[in-house]
Amino acid sequence: LRKTLSDDLRLLLVDEFQDTDELQVALVRNLCGAGFDAGRLFFVGDFKQSIYRFRGAVPAVFRNLRGQVNEAGQLPLTENFRSQPEILHFVNALFCDAFTSYEALQPKREQATSRPAIEFLWTITPDKNNRGIAGAVREARKLEAKAIAQRLRSLLDESSTEQPVVDKITKKPRRLELGDVAILFRTLGDVQVFEEALRECGLDYYLVGGY
């Protein structure tokens, strides 16, 4: 079966290769057969974007396989057409020393909104990461949620002069609207804390997934 499939295969394309494991890589190599070294396999991945380790993904296999490809066949995808330059500069500065052989992202659009484009809201509590103290982590989450909700409220206030969003039609900066905002969570375990904070600030929201 493997030989039959391999003989009929002209080109194999695999996207999101950073979320594969050793078994899947073995299957891919077998499907390509001798054509692996002849350019039969085209795969795309980014070690930094691996999010399925909890499902058994092994990001290192992407790097290992990439290293086995002729240098002429290794094409970096560093041009970014989505984010403004100030955001990419921040990402590059933050992660350049965190990853081996980090490839800096190159902006392909102009900076449209005012600087800075990144804002930190610090809500450090003495026992924020101490899970041995009852309620310490949840209390820290409450402060974090409150800070985020209050900042959004200030941006949405009619008196605000800040224009952090680029309008899709006019391509010019404009004020923030509720539909522009997305809060991303690593897990949904503390989502209720953020819901309460948003309601306290009079902010309507829509929850995707949850309880």
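In this text, all values refer to a predicted model and were calculated from it rather than measured experimentally.

### With respect to the overall build of the protein chain
Of regular secondary structure, the protein chain possesses six helices and six strands. Reading the protein chain from its N end, one meets helices and strands in the order α-β-α-β-α-β-α-β-α-β-β-α. A compact globule built from 211 residues should have a C-alpha radius of gyration of about 17 Å, whereas the protein chain, at 23 Å, is more than 25% larger. Expressed as lengths along the three principal axes of its C-alpha atoms, the size of the protein chain is roughly 65 × 50 × 30 Å.

### Brief notes about the pattern of salt bridges
A side chain with one charge may pair with a side chain of the opposite charge, provided their charged atoms come close. Counted by the stated rule, this structure contains 10 salt bridges. With a shortest N-O distance of 3.2 Å, Arg141 and Asp190 are connected by a salt bridge. Here Arg141, found in helix α5 (residues 136-156), pairs with Asp190, found in the loop between β6 (173-174) and α6 (191-200); they are 49 residues apart in sequence, far enough to count as distant. Using a relative accessible area of 23% as the deciding quantity, one classes Asp190 as partly exposed. Notably, a salt bridge pairs Glu177 with Arg174, separated by 3.9 Å at the nearest N-O pair. Take Arg174: its relative accessible area is 19%, and that puts it in the buried class.

### Looking at the packing of α5 against α6
Across the interface, α5 lies against α6 with an axial gap of 8 Å and an inter-helix angle of 35°. The hand of the α5/α6 crossing is right-handed. For the pair formed by α5 and α6, the contact residues are Arg138, Arg141, Lys142, Glu144, Ala145, Lys146, Ile148, Ala149 and Leu152 on the first element and Val193, Phe194, Ala197 and Leu198 on the second. Split by residue class, the contact of α5 with α6 holds eight nonpolar, no polar and five charged.

### Some remarks on the layout of surface pockets
A probe matching the size of a water molecule, rolled over the atoms, marks out where space remains unfilled. Computed from the structure, the second largest pocket encloses a volume of approximately 1,400 Å³. Lining the second largest pocket are 41 residues, and of these Gly45, Phe62, Arg66, Leu75 and Leu77 sit closest to its centre. Elements with a contribution of two residues or more to the lining of the second largest pocket: β2 (41-43), α3 (60-67), β3 (79-80) and α4 (85-95). A per-element tally of the lining of the second largest pocket places α3 first, with four residues.

### Thoughts on a nonpolar patch on the surface
There is a patch of nonpolar side chains on the surface, built from Ile118, Phe120, Trp122 and Ile124 and spanning about 490 Å² of accessible area. For Phe120, the position within the fold is in the loop between β4 (106-107) and α5.

### As for helix α2 (residues 22-32)
One turn of an α-helix holds 3.6 residues; hence residues three or four places apart share an orientation. The complete set of buried residues in α2 reads Val25, Val28 and Cys32. Seen from one end, α2 has its buried residues packed into an arc of 60°, which puts them on one side. Check the buried side of α2 and you find it contacts α1 (2-8), β1 (12-14), β2 and α3. A side-chain oxygen of the first residue of α2 lies 3.2 Å from the backbone nitrogen of Leu23; this N-cap is Asp21. A positive backbone phi angle near 60° is found at Gly33, which sits one or two residues after α2.

### Describing α6
Taken as a whole, α6 has its buried residues at Val191, Val193, Phe194, Glu195, Ala197 and Leu198. At its buried positions, α6 is contacted by α5. Of the residues trailing α6, Gly202 is marked for its positive phi of about 70°.

### Considering the packing of aromatic side chains
Summed over the entire model, instances satisfying the criterion amount to eight aromatic pairs. For the pair Phe95 and Phe99, a centre-to-centre distance of 5.8 Å together with 45° between the ring planes defines the contact as tilted. Under the relative-accessibility criterion, Phe99 is labelled partly exposed at 24%. An aromatic cluster of three or more residues is present, and its members are Phe17, Phe43 and Phe62. Positioned over the ring face of Phe47 is Arg63, at 3.7 Å from the centre of the ring.

About the criteria used
- Residues numbered from 1 in each chain as written.
- Predicted model: local features only at pLDDT ≥ 70, side-chain atom pairs only at ≥ 80, totals over all residues.
- Heavy atoms only, no water.
- Helix = DSSP H or I, 4+ residues; strand = E, 2+ residues; numbered from the N terminus.
- Rg over C-alpha atoms; globule rule 2.2 N^0.38 Å.
- Salt bridge = Lys/Arg side-chain N within 4 Å of Asp/Glu carboxyl O.
- Buried < 20%, exposed > 50% of the residue type's maximum accessible area, 1.4 Å probe, protein only.
- Axes fitted to C-alpha atoms, helices over the stretch in contact; angles between N-to-C directions.
- Left-handed = near helix turned anticlockwise from the far one by under 90°.
- Contact = heavy atoms within 4.5 Å.
- Nonpolar A, V, L, I, M, F, W, Y, C, P; charged D, E, K, R; others polar.
- 1 Å grid on protein atoms, 1.4 Å probe; cavity = no way out; pocket = protein on both sides within 12 Å on 5 of 7 lines; lining within 4 Å.
- Points joined across faces, edges and corners; volume = space filled by probe spheres on them.
- Patch = residues over 30% accessible without salt bridge, like charges linked within 9 Å, V, L, I, M, F, W, Y side chains within 5 Å.
- Areas by Shrake-Rupley, 256 points an atom, 1.4 Å probe, with all protein chains shown as cover.
- Arc of directions from axis to C-beta.
- Polar contact = N/O pair within 3.5 Å; in protein donor to acceptor, adjacent residues only side chain to side chain.
- Phe/Tyr/Trp six-rings, centres within 6.5 Å; stacked < 30°, edge-to-face > 60°.
- Lys NZ or Arg CZ within 6 Å of the ring centre and 35° of its normal.

Everything listed is a geometric property; what it means functionally is a separate question.
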